[in-house]
Each structure stands twice: as C-alpha cells, then as structure tokens.
Amino acid sequence: MSLATNFLGIHSPNPYWLASAPPTDKKINVLRALEAGWGGIVWKTLGSQVKNVSSRYSAVNFNGTRVMGFNNIELISDRPLDINLKEIREVLKEFPDRAMIVSLMADNDRKSWHELIKKVEDTGAHGLELNFGCPHGMTERGMGAAVGQDPEIARMVVEWVMEAATIPVITKLTPNVHSVVPAGKAVVEAGTNALSLINTIQSVTGIDLDTFVPNPYVAGKSVFGGYCGPAVKPIALKFLATISQNPVTRKVPVSGIGGISTWKDAVEFMLLGSTSVQVCTAAMKHGFRIIEDLCDGMRNWMEEKGFETTTDFIGKSVPTLTQWEDLDINYHHIANINQDKCIHCGLCYIACEDASHQSIALEYGKPYNKYTIKEEECVGCNLCQLICPVTNCITMVEHRVAPEYLNWKDYQQLGLPLNDH
Amino acid sequence: MITNNRLTGDQYAVNFADIHPPFETHDAALVEADRCLFCYDAPCMKMCPTSINIPKFIKQISTENIKGSATTIFSSNIFGAGCGKVCPVEKLCEGACVYNLMDEEAIPIAKLQRYATERAIHDKWPLFKRKPSTGKKVAIIGAGPAGLSCAHVLSREGIDVTIYEKESKGGGLMTYGIAAYKVTPEFCNDEVEYILSIGGIRVKYNRELGKNVSLEKLQSKYDAVYLGMGVGLTRTLAIKGEELEGVVDAIDFIYQLRDKGFSSVPVGDKVAVIGLGMTAIDAATQAKRLGASEVSIVYRRTHAEMPCTQHELDIALLDGCKINWLSAPKEILGKRGKVTGLVCSVMELGKPDASERRSPVETNETFTIEVDMVIKATGQIPFVDLVMQNGLENDKGKVRISDNGRTNLAKVFAGGDCVNGGKEVVDAVQAGKDGARGILEFLGIPASNVEPTYNASTVSPQKGNLPDIKLLRL
Ligand SMILES: Cc1cc2nc3c(=O)[nH]c(=O)nc-3n(C[C@H](O)[C@H](O)[C@H](O)COP(=O)(O)OP(=O)(O)OC[C@H]3O[C@@H](n4cnc5c(N)ncnc54)[C@H](O)[C@@H]3O)c2cc1C
Ligand SMILES: Cc1cc2nc3c(=O)[nH]c(=O)nc-3n(C[C@H](O)[C@H](O)[C@H](O)COP(=O)(O)O)c2cc1C
C-alpha cells in the first residue's frame with residue numbers, strides 16, 4: 001500500500017503539497033517542510049516586483065476556535081526573482097524526489113510570460129502553476145483573478161504559456177465566479193495539462209467595533225481580502241465537483257485546495273477527483289508537523305478500506321452527486337434518540353420545535369426532561385442529529401415510503417400529492 | 001490550651017485564601033463559557049432554587065456581553081455574586097450539568113457567575129432602576145439574604161423599604177457565618193452596598209426585633225412587614241460537662257472569626273467538633289486553619305447519611321480533620337473547670353426514622369478523645385421565644401407560611417432560614433423574592449419586575465407535553 005502520487009509524471013511520495021503561499025516562499029521553510037515529509041511544494045507565486053503592506057492577515061473565530069477562517073491581503077512573492085530561482089535550484093538538488101511546482105503570474109503580455117517560463121524551467125522545476133486566482137492587489141493590474149474571471153483572457157494567457165512551456169502546466173482557478181467551469185473549460189481547451197482549485201475567496205472577515213474599521217487594519221483602512229481555511233472547504237469541494245463532472249474539464253488531473261486541515265478533508269477532495277491536494281492555512285496555523293498525521297491517517301483509512309494506491313479511490317464519490325430531480329422521493333428516514341446515550345440537553349427539541357417540524361416530544365422531569373421522536377411527524381430532515389452533542393445518540397433510521405425508486409419527474413407525472421407537510 | 005494568635009499574618013493569609021479562586025483572564029473564562037452546550041430548558045437552571053437562566057448568562061459571557069450576563073444573573077438572584085462563591089453547586093446547578101452524564105467535567109457555572117457579577121460590583125454597574133415611589137412602606141427584619149432580596153425586589157417596584165438589623169453590618173450569615181475562605185468581609189460589604197445602591201432601602205442597624213423594635217408597632221406603621229431574621233445558635237447537647245470552659249457554640253465561634261479577624265479568635269490545640277453539617281465542616285476546617293493541631297469531627301451516623309456534601313467533607317479531610325463515624329458525645333470531661341476530653345458512645349444504625357435515615361442506636365462501647373476544646377455544631381435552633389411571643393404560627397419555632405410568604409398575622413410575611421430552619425443562601429434569596437411577590441400582591445401592585453423564576457413561557461409546550469406547572473416555582 002502506498003501514498004505515492006503521480007501527477008502528470010510529477011512524482012511525490014504522498015499527495016500532499018504545500019500550496020503557493022508564505023510556507024513556500026523561501027528555501028529555509030521549504031527545506032524544513034520537505035524534511036518534515038511533505039510530498040511537494042508549489043513555490044510562492046513569482047512575477048513582477050511588488051511591495052506588501054505590513055498588516056496583512058485577519059481571521060474568523062467561532063465559539064472559541066481560532067482561525068476557523070483565514071484572510072489575507074498579501075501579494076505574490078516580494079523577494080527578488082533571481083534569489084527565488086537560485087533557491088529553487090538548491091532545493092531541487094537536496095530533494096529531487098519531491099514535487100517542485102513553481103507558481104507564476106507574469107505581466108499580462110506574451111513576452112513576459114515566455115521570459116518568466118524560460119527562467120523558471122531553467123531551474124529544473126517539475127511543473128508550473130498559473131496563478132489566475134489571487135483576488136486582491138494583482139487584479140487591479142489586470143493579473144490574478146482578473147485573468148481567471150474572464151474565460152477568454154484565461155484562454156489567451158494559457159495559449160501563450162503553452163507555446164513556451166515544456167513541463168506540465170497546472171492552471172489555478174479563482175472561486176470568485178458563479179461557476180469555475182467556463183474558465184476551466186477555456187483553459188483546458190487552450191491546452192493546460194491540469195487544473196488546481198480553489199484560490200482564496202473575496203471577503204471581509206470582521207470589523208473592529210471600537211474603531212469601526214474592518215480587519216486587517218492598515219492605518220485606518222482595509223480592503224477585501226482572500227478567504228481560506230476550514231471555513232471554505234465546502235465551497236472548494238463544490239467547485240471541485242463541478243470540474244470533475246464536466247466532460248471537458250474532467251479530462252485533466254486536478255490538484256484540490258481549500259480548507260484542508262486533516263487527512264479526512266484530503267480524502268474528501270480526492271473522492272471528488274483530486275489527484276493531489278494542497279494545504280496552506282493548516283500549515284500556517286500549526287506548522288509543517290501536521291504532515292505526519294495527514295499521511296498516517298490516510299494510510300490507515302486506505303488499509304481499512306482495502307485500497308492499495310490513491311488512484312483506487314480518486315473520484316469515487318463523483319457519480320453519487322446527482323441532480324435534485326433524480327433523487328429518490330420514496331427514500332424516507334426518521335430520527336431515533338438512543339435514551340441510554342441522551343444527556344437531556346434539549347438541543348434537538350428546541351431546534352425541531354422552533355425550526356423544523358415539531359416532531360420531538362418533551363416529557364418534563366426535574367432536572368432531566370425526556371425527549372422522544374414523534375415518528376409520524378418526523379420528516380427526516382437531520383437537523384436534530386446534526387445538533388446533538390453526543391455521537392450516535394440520534395441516528396436516522398430508514399423507513400422507505402415504498403420499495404421502488406421514484407424521482408420528482410415521475411412523481412409529478414403520477415400526480416402524487418404535493419405540499420403534504 | 002485555648003489561645004489566639006497561633007499563627008503569623010502570612011500563615012493566616014494562606015490558610016484563609018479564597019478556596020475557589022476566580023478566572024485569571026477573560027480568555028480563561030471564554031474557554032469554559034464556550035464549552036457550555038446552551039441546553040434548552042436546562043437542567044442546571046432547574047436545580048437553581050432562584051432559577052437563574054444559566055445558559056443565557058454563559059452565552060452572554062461568550063459574546064462578551066458581560067453587562068447583559070450580570071443582569072441575567074442579578075434579575076433572578078441579587079446575591080448572584082455571593083452565591084457564585086458559597087453555593088454548594090455540586091448538588092445544585094453543576095451537579096445537574098449534562099456533561100456529568102458524559103463523564104466530563106461540569107461547566108464551572110459558579111466561577112463563570114462570579115466572573116460576570118464581580119465586574120458588575122467592582123465597576124458599580126447600575127443595572128437596575130427603581131420605579132417612582134408608590135408611597136407604600138414595608139418594614140423588613142434582618143438584612144440577611146432573605147431580607148435584602150425581598151427589599152431589592154420591593155424597591156424596584158417603588159416601595160419604600162426600611163430594614164431593621166440587629167447587627168452593625170448587613171449580609172446576615174453571609175457576613176457572619178459562612179467560612180472565611182469562601183468570602184471576605186470586604187466582599188460581603190461590597191455586595192450589600194451594591195444591593196442597596198438601587199436606593200429606596202434604608203437600613204437601621206443595631207435595632208433588634210423583640211428588644212428595641214416591636215412587631216405590633218411595625219404592623220401599624222408600615223403597609224407590610226417581612227421577617228427574615230434567620231435562626232439562632234446551636235441546640236444544646238444536654239450532656240454532662242457542657243458548661244465547662246472550652247465548650248463553644250459553632251455559630252458563635254465563626255461569628256468571632258468573621259467579625260474580629262483571625263488572630264484574635266482563641267482556638268484549642270486539640271479540638272472536637274460535634275455534627276457533620278455545613279456548620280460543623282466550617283467550624284472544623286477553620287479551627288484547623290486557625291492553628292489547632294488536631295481536629296476530630298464526631299458524627300452519630302455513617303458516610304451514607306451525612307448531611308454535608310462529599311465536596312465539603314473532602315475540604316475537611318484535606319485540611320487534616322479526622323472523622324469519627326458512628327460516635328455520639330456522651331460526656332465532656334474537665335479539670336479545674338476546663339475541658340480535657342470528650343467521651344463518645346459507639347453507635348450502630350437501627351431502623352429508618354421519619355426522615356428515612358436509619359437512626360443511630362447506642363452500644364455499650366465508649367471511647368474518649370483527649371481535647372481542650374469542643375465545638376457544638378448540631379444544627380441551629382430557631383428564635384422560638386420571639387416567634388411565640390408574637391403569636392406567629394410555627395413549627396417548633398420555624399415560622400409557618402402559606403403561599404408567597406404569608407404568615408398567620410395580618411400584613412406579616414416571612415422567609416429564609418427563619419421559615420425553613422436553615423438551608424442555603426440561595427434558598428433564602430428565593431424566599432425573599434417569593435415574599436416580595438406576596439407583599440406586592442397584597443398591596444395590589446403588579447409585580448412587573450419580579451423575574452419569573454422558572455420561565456415557563458420559554459418551554460413552548462405542545463399538546464400532550466405540558467410541563468407539570470405544579471413543579472415549577474412561579
Ligand atoms: C456556619 C454556617 C456556614 C454556612 N455556609 C453556607 C454556605 O457555604 N453556603 C450557603 O449557601 N449557605 C451557607 N450557610 C447558610 C446560609 O448562611 C443561610 O441559609 C442564609 O444566610 C439564610 O439567610 P437569611 O436571610 O434567612 O438569614 P440570616 O443570614 O441569618 O440573616 C438574618 C439576619 O437577621 C438579623 N436578625 C436576627 N434576629 C433579628 C432580630 N430579632 N431583629 C433584627 N435583626 C435580626 C441577623 O443579624 C441577620 O443579619 C451557612 C450557615 C452557617 C451557620
Ligand atoms: C497568506 C497567503 C498568501 C497566499 N499567496 C498565494 C500566492 O502567492 N499564490 C497563490 O496561488 N495562492 C496564494 N494563496 C492561496 C493559497 O495557495 C490557497 O489557494 C488558499 O489559501 C486555500 O487553501 P487553504 O484553505 O489550505 O489555505 C495565499 C494564501 C494565503 C493565506
């Protein structure tokens with residue numbers, strides 16, 4: 001059994017790459033990451049010279065958990081190109097077995113792209129990632145998300161790139177669009193060898209209630225930043241799924257990104273079609289040491305499931321994501337409360353009472369009330385189960401309405417009753 | 001030898017330091033506040049005699065609405081700060097926390113309550129406003145938890161309140177009875193000041209009902225009277241040697257300690273404490289903390305029947321107090337008028353009595369403990385004479401009341417220890433609220449400000465699962 005990953009001929013001992021960001025912006029940390037065991041890295045985006053502002057990060061905390069969502073207004077690499085190139089070469093020499101992808105964002109003309117690609121390829125890097133996603137700072141100059149948001153511009157830039165590139169090209173998509181498919185299709189048609197997604201999502205993480213200035217605070221002002229971290233995972237998974245479903249975009253391998261913090265998150269991205277996964281915020285929050293459990297957890301899970309290689313499960317969940325009208329209306333399940341596990345917190349009751357179908361009975365007790373499901377009332381919405389603080393205390397038990405599959409279209413045709421709840 | 005000044009100032013400070021220290025930082029409070037599940041119709045709240053909306057006040061700490069949190073607490077319990085330090089929470093709110101059912105640590109409700117309320121008291125937040133005076137006047141006997149709680153509710157409704165208090169300080173047993181490592185004199189003073197800061201409450205100190213105040217006069221001068229005078233000293237043992245020098249009453253011993261300062265209170269070298277209630281534990285631990293070298297608690301029954309909680313017993317055990325189970329005092333020995341020993345009978349458990357506890361029965365065996373001080377802590381007795389003289393219906397001196405604190409006398413209401421015979425501060429606070437409700441009803445004033453103690457309106461009952469209203473305190 002092995003985690004070894006082959007992404008367009010780029011080999012890495014495991015599917016975990018560090019995403020293009022501060023953890024990959026210079027030799028010292030990249031060496032430490034590779035020593036720790038990361039499968040590869042996407043070097044912090046290289047391009048024209050920039051200047052960062054000082055204060056640049058902010059976060060969203062939730063109920064005591066810090067950095068549930070992370071936000072930045074940082075630009076591409078603010079170190080001289082030559083130093084970056086020299087360091088990439090040195091890292092490659094020390095860790096030839098790891099994936100070395102370099103992220104690029106050239107000025108918006110053919111010549112700049114060609115020159116930059118040439119210089120980077122000279123280092124011996126294994127692949128290129130085109131940053132069409134950065135939502136701040138660079139867009140104002142017609143780069144980053146400004147490219148990724150317009151499929152035709154993206155197509156044009158990828159065409160320029162493909163004229164010059166001799167190593168695999170991954171195009172990184174922006175999520176700041178209603179669908180990633182149009183841009184994805186355009187760049188695949190233009191010849192990109194692979195896709196990666198998502199970059200960060202434009203956001204305002206919060207406002208200081210004393211100064212009235214949103215964060216991050218920069219001398220009395222702020223700007224929209226790019227949101228990432230655990231909070232964006234569901235959005236990233238959705239975008240990834242649309243790429244895996246589309247007949248054009250699904251032809252190329254995908255590197256999944258966005259909120260991956262645990263091996264479980266990574267498996268989910270892979271089940272929806274990612275060949276490799278990239279991590280940024282989790283490494284920024286905890287350091288490189290998380291790689292140990294990222295690998296270990298995935299390995300143990302694979303062993304349990306009997307998977308020999310990651311390709312055994314990549315994309316496995318894609319077919320189960322269907323259209324609403326194909327769902328089986330005869331499938332019905334009902335909540336069940338395990339009274340031995342119940343701690344009588346009443347959270348299921350009040351949620352169902354105030355926000356669902358008033359399907360839980362309360363039998364008063366001092367101090368502990370007893371809660372039971374009114375089976376005939378329960379629509380099976382899952383709300384109580386989601387809210388219950390005890391694992392497996394509330395379970396959803398299947399009670400089919402009828403044995404046969406019945407979807408919405410058939411249901412309408414049969415003239416079956418609507419609005420019956 | 002019985003003597004005071006056994007320890008240095010530093011030693012006293014260490015021995016009487018706050019047994020339940022507060023959160024050091026806001027972050028520390030947040031960690032615990034965020035753990036709270038925000039239960040619906042929360043078990044903790046049901047176990048609070050004053051029905052503080054605990055999930056709500058904890059959530060308000062989480063959202064950094066500390067003022068709102070303090071208001072939530074004080075609306076139900078104006079002694080919310082003190083209760084956060086003295087309540088036996090292990091058998092009340094925290095004992096019912098649903099985390100216990102997951103074998104997880106309960107939410108430190110008392111500590112969180114203290115976090116919100118101490119800031120309110122420290123910063124003197126004016127959280128309550130008194131309504132314009134209604135012109136109605138009410139007299140209250142006793143500035144303890146029951147009296148002050150009643151006074152605060154009444155004042156909010158625009159009643160002019162006068163409290164007659166026999167001591168020179170307010171707070172009742174909070175100030176004069178409760179263990180010194182739970183509350184400091186400064187805290188008790190600040191808490192009373194904070195309660196009185198609403199205005200409309202005048203306290204006449206050093207005035208004692210039955211001595212320089214008469215109930216009849218109060219009945220004629222005021223629109224209503226509330227009795228919250230608590231209970232008196234410990235019952236006598238009725239054994240030989242009780243008159244010897246060195247036999248003291250626990251209530252009196254603790255009163256000295258709380259009133260005069262640690263170094264001035266005399267304590268024996270080897271001390272026996274009789275009883276195992278809250279008062280006995282407090283007397284034993286504090287005797288030890290004052291510098292007694294050996295403290296032996298003498299209790300008639302077994303661990304299974306003990307009136308104190310395990311938590312309190314553990315405090316005494318950790319302080320190095322010894323417990324003699326199944327032993328009853330038989331005779332106090334003395335030499336030249338001073339205590340030298342305590343003879344105890346070895347007991348065994350007989351048949352269950354009226355309280356369904358098995359009664360201890362004397363065996364022929366005895367043993368003697370060598371002691372120079374005996375502290376009696378076998379339960380306080382009500383002010384029987386005062387109650388009888390004034391024609392109050394009673395139950396062995398405990399004033400008898402019907403709904404909302406009404407006594408048999410016209411205009412006279414009562415509550416707290418003087419009615420229940422001695423429970424906790426939190427029960428007295430609720431009794432004060434109940435009495436205030438009764439008085440307002442009697443005076444025909446709508447009690448808009450009296451927080452419903454168990455907010456039945458938040459239990460949105462459906463047909464068939466209405467909570468049993470009789471069980472709810474309204
Ligand atoms: C040693 C000891 C330890 C305790 N520890 C705890 C504890 O840790 N936690 C807890 O919750 N409870 C504890 N209690 C119980 C708690 O103190 C009482 O239940 C509570 O104080 C009762 O309040 P109250 O207002 O009814 O009576 P009190 O607190 O007794 O107040 C009565 C007031 O009336 C005054 N008074 C009495 N007679 C007259 C009169 N004739 N005229 C005018 N004024 C009068 C008194 O001076 C006093 O101020 C303890 C009690 C004792 C004795
Ligand atoms: C501080 C910071 C800087 C970033 N810089 C870049 C960058 O230069 N180029 C790029 O393609 N993505 C950049 N990203 C986006 C990340 O590579 C990644 O796509 C995104 O953070 C989502 O992954 P995560 O949820 O694991 O953080 C940056 C992210 C952060 C937090």
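Residues numbered from 1 in each chain as written. Chains lettered and ligands numbered in written order. Predicted model: local features only at pLDDT ≥ 70, side-chain atom pairs only at ≥ 80, totals over all residues. Heavy atoms only, no water.

**Some points on the overall build of chain B**
At step 1: Tallying secondary structure elements over chain B gives 18 helices and 15 strands in all.
At step 2: With respect to the three principal axes, the spread of C-alpha positions in chain B is 65 × 55 × 50 Å.
At step 3: Burial analysis of chain B (474 residues in total) assigns 56% to the buried set.
At step 4: Taking as baseline every contact in chain B between residues at least 6 positions apart, the subset at least 24 positions apart corresponds to 71%.
At step 5: When the 56 basic and 58 acidic side-chain charges of chain B are each reduced to a single mean position, those positions are 5 Å apart. (Helix = DSSP H or I, 4+ residues; strand = E, 2+ residues; numbered from the N terminus. Buried < 20%, exposed > 50% of the residue type's maximum accessible area, 1.4 Å probe, protein only. Contact = heavy atoms within 4.5 Å. Lys, Arg positive; Asp, Glu negative; His and termini not counted. Charge placed at Lys NZ, Arg CZ, Asp CG, Glu CD.)

**What about the interface of chain B and chain A?**
At step 1: In this complex, chain B contributes 26 residues to the contact, which on the side of chain A involves 26 residues.
At step 2: Between chain B and chain A the total buried area reaches about 2,100 Å² when both faces are included, carbon and sulfur atoms providing 57% of it.
At step 3: A salt bridge links Arg66 of chain A to Asp27 of chain B, with the nearest nitrogen and oxygen atoms 3.6 Å apart.
At step 4: Taken together, chain B and chain A are joined by eight residue pairs in polar contact (both at pLDDT 80 or more).
At step 5: Tallied by class, residues from the side of chain B that touches chain A come to 17 nonpolar, four polar and five charged. (Buried area = accessible area lost by both parts, 1.4 Å probe. Salt bridge = Lys/Arg side-chain N within 4 Å of Asp/Glu carboxyl O. Polar contact = N/O pair within 3.5 Å; in protein donor to acceptor, adjacent residues only side chain to side chain. Nonpolar A, V, L, I, M, F, W, Y, C, P; charged D, E, K, R; others polar.)

**A closer look at the site of ligand 1**
All names here are of chain B.
At step 1: Of all residues adjacent to ligand 1, which total 35 residues, the nearest are Val86, Glu165, Leu173, Lys182 and Leu209.
At step 2: Between Pro145 and ligand 1, the recorded distance is 3.2 Å, taken from a backbone N or O atom to an oxygen atom.
At step 3: Here Lys182 contributes a side-chain N or O atom positioned 2.8 Å from an oxygen atom of ligand 1.
At step 4: Alone, ligand 1 offers 990 Å² of accessible surface; in the complex the protein occludes 97% of this.
At step 5: When grouped by side-chain class, the residues that make up the shell around ligand 1 number 16 nonpolar, nine polar and 10 charged.
At step 6: Shared between two domains, the shell around ligand 1 holds at least three residues of each, these being domain 2 (137-232 + 381-443) and domain 3 (247-376). (Near = heavy atom within 4 Å. Areas by Shrake-Rupley, 256 points an atom, 1.4 Å probe, with all protein chains shown as cover. Domains from an automatic or database assignment.)

**Here we look at the sheet that holds strand E5 (residues 57-62) of chain A**
Residue and element names in this part refer to chain A.
At step 1: Ordered in space as E5-E6-E12-E11, the four strands form an open sheet in which the pairing is antiparallel. Whereas interior strands pair on both sides, the edge strands pair on one side only; in this sheet they are E5 and strand E11 (201-203). On average, adjacent strands in this sheet sit at an angle of 45° to one another, irrespective of strand direction.
At step 2: Here E11 pairs with strand E12 (residues 225-228) via three bridges, running antiparallel. Its bridge partner being in E12, Ser203 is matched across the sheet by Gly225. (Pairing = 2+ DSSP bridges. Axes fitted to C-alpha atoms, helices over the stretch in contact; angles between N-to-C directions.)

**Some details on the packing of helix H2 (residues 26-35) of chain B against helix H4 (residues 54-62) of chain B**
Residue and element names in this part refer to chain B.
At step 1: Put simply, H2 and H4 touch, their axes get as near as 9 Å, and they point 135° apart. Taken together, the axis directions place H2 and H4 in an arrangement best described as oblique. Viewed along their axes, H2 and H4 form a crossing whose handedness is left-handed. Listed contacts from H4 to His26, Leu30, Ala33 and Asp34 of H2 are Ile58, Ile61 and Ser62.
At step 2: Considering only residue class, the contact of H2 with H4 consists of four nonpolar, two polar and one charged. (Parallel < 35°, antiparallel > 145°, perpendicular 65-115°, else oblique. Left-handed = near helix turned anticlockwise from the far one by under 90°.)

**Observations concerning the pattern of salt bridges**
Here the idea is simple: oppositely charged side chains can pair when their charged atoms come close.
All names here are of chain B.
At step 1: Considering all chains together, one arrives at 34 salt bridges over all chains under this definition.
At step 2: Across the salt bridge formed by Arg114 and Glu118, the nearest N and O atoms sit 2.9 Å from each other. Pair noted here: Arg114 and Glu118 are both in helix H8 (residues 109-122), with a separation of four residues, about one helical turn.
At step 3: Arg114 sits in the buried class, given a relative accessible area of 6%.
At step 4: Residue class for Glu118 comes out partly exposed when judged on its relative accessible area of 22%.
At step 5: As a salt-bridge pair, Lys330 and Glu362 come within 3.1 Å of each other at their nearest N and O atoms. Of this pair, Lys330 sits in strand E9 (residues 327-335) while Glu362 sits in strand E11 (residues 358-370), and the two are 32 residues apart along the sequence.
At step 6: Residue classification places Glu362 among the partly exposed residues on the basis of a relative accessible area of 47%.
At step 7: Each member of the salt-bridge network shares a partner with another, and the members are Asp18, Lys85, Arg114 and Glu118.

**Describing the environment of Pro23 of chain A**
All names here are of chain A.
At step 1: Within the element layout of this structure, Pro23 appears in the loop between strand E3 (16-18) and helix H1 (27-36).
At step 2: According to the relative accessible area criterion, Pro23 is buried, its value standing at 8%.
At step 3: Between the C-alpha atoms of Pro23 and Ala283, which are 260 residues apart in sequence, the distance is 7.4 Å.
At step 4: When near neighbours in sequence (up to four residues on either side) are disregarded, Pro23 contacts Asn29, Val30, Cys280, Met284 and Phe288.

**Focus: the pairing of strand E1 (residues 137-141) of chain B**
All names here are of chain B.
At step 1: Within E1, four of the five residues are buried, which leaves it mostly tucked inside the rest of the structure.
At step 2: As judged from the five bridges shared by E1 and strand E2 (residues 160-165), these two strands associate in the parallel manner. Its bridge partner being in E2, Ile141 is matched across the sheet by Tyr164.
At step 3: Note on the crossover from E1 through helix H9 (residues 145-156) to E2: the handedness is right-handed.
At step 4: With four bridges joining them, E1 and strand E4 (residues 224-227) adopt parallel strand pairing. Looking across to E4, one finds that Ile140 is bridged to Tyr226. (Right-handed = clockwise from strand over helix to strand, strands pointing away.)

**Quick look at the domain arrangement of chain B**
Residues and elements named next belong to chain B.
At step 1: Examined at the domain level, chain B breaks down into domain 1 (20-123), domain 2 (137-232 + 381-443) and domain 3 (247-376).
At step 2: Centre-to-centre separation of domain 1 and domain 2, based on C-alpha positions: 26 Å.
At step 3: Contacts between domain 1 and domain 2 engage 21 residues on the former and 22 residues on the latter.
At step 4: Across the interface of domain 1 and domain 2, roughly 1,800 Å² is buried in total on both sides, 75% from carbon and sulfur atoms.
At step 5: Summed over the three residues of domain 1 that lose the most area to domain 2, namely Ile78, Phe79 and Val86, the buried surface amounts to 39% of that side.
At step 6: At the boundary of domain 1 with domain 2, the tally comes to one salt bridge.
At step 7: Of the charged contacts, one joins Lys91 and Glu424 as a salt bridge, the two residues approaching to 3.3 Å between their closest N and O atoms.
At step 8: For the pair domain 1 and domain 2, the interface holds four residue pairs in polar contact (both at pLDDT 80 or more).

**Things to note about a nonpolar patch on the surface**
At step 1: On the surface, Val204, Ile207, Leu209, Phe212 and Phe224 of chain A cluster together into a nonpolar patch covering about 600 Å² of accessible area.
At step 2: Within the fold, Phe224 of chain A resides in the loop between E11 and E12. (Patch = residues over 30% accessible without salt bridge, like charges linked within 9 Å, V, L, I, M, F, W, Y side chains within 5 Å.)

**Re the confidence of the model for chain B**
Residue and element names in this part refer to chain B.
At step 1: Mean pLDDT over chain B: 92, with 95% of residues reaching 70 or higher.
At step 2: Long-range and interchain partners of residues 453-474, a stretch whose pLDDT sits below 50, account for 45 contacts in this model, where long-range means more than four residues apart.
At step 3: Reported confidences for the modelled complex are a pTM of 0.90 and an ipTM of 0.86. (pLDDT = per-residue confidence, 0-100.)

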